[in-house]
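Listed below are the residues making up each chain.
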Amino acid sequence: MSILIKPIITEKATKNSELNNCFSFFVKTKANKVEIKKAVEAAYGVSVEKVRTINVRPDRSTKFTKTGIQHGKTNAMKKALVQLAEGEIIDLYTNM
């Protein structure tokens, strides 16, 4: 369960889960597709058909303040889109 950080619950992710039976998760950046598949199957008791991953780059920003220029960036993340087998479902609202 340490590979899965948290599920993504947005309008787009919810629509994708209802129409295509595909759920989204934030995962560890070093995790691969096989590890993600095993973690989802162990955590939720479902059979996974396909796993797609997305590496999200950090956003950089520059702010001009009275004390000078401030540079910052967000953290890099990895998302996993998990396609479940036909008839399988994950109820994210009761398992949180």
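Look up: the structure comes first, before these words.
Procedures and definitions
Residues numbered from 1 in each chain as written. Predicted model: local features only at pLDDT ≥ 70, side-chain atom pairs only at ≥ 80, totals over all residues. Heavy atoms only, no water. Helix = DSSP H or I, 4+ residues; strand = E, 2+ residues; numbered from the N terminus. Buried < 20%, exposed > 50% of the residue type's maximum accessible area, 1.4 Å probe, protein only. Lys, Arg positive; Asp, Glu negative; His and termini not counted. Salt bridge = Lys/Arg side-chain N within 4 Å of Asp/Glu carboxyl O. Polar contact = N/O pair within 3.5 Å; in protein donor to acceptor, adjacent residues only side chain to side chain. Contact = heavy atoms within 4.5 Å. Pairing = 2+ DSSP bridges. Axes fitted to C-alpha atoms, helices over the stretch in contact; angles between N-to-C directions.

1. Considering the side chain of Lys 78
By secondary structure assignment, the location of Lys 78 is in strand S6 (residues 77-84). It turns out Lys 78 is buried and unbridged, and the closest side chain with the opposite charge, Glu 35, is 7.7 Å from it. Side-chain polar atoms of Lys 78 contact the backbone oxygen of Ala 31, separated by 2.6 Å. Not counting residues within four places of it along the chain, the set of residues in contact with Lys 78 comprises Phe 25, Phe 26, Val 27, Lys 28, Thr 29, Ala 31, Thr 53, Ile 54 and Asn 55.

2. A word on the sheet that holds strand S3 (residues 48-56)
Taken in spatial order, the four strands make up an open sheet running S1-S2-S6-S3, and their pairing is antiparallel. Two strands close off the open sheet at either side, each with one partner strand: strand S1 (4-7) and S3. Each strand of the sheet is rotated relative to its neighbour by a mean of 30°, with strand direction disregarded. Both strand S2 (residues 22-27) and S6 contribute to a ladder of six bridges, which runs antiparallel. What sits directly across from Cys 22, in S6, is Gln 83.

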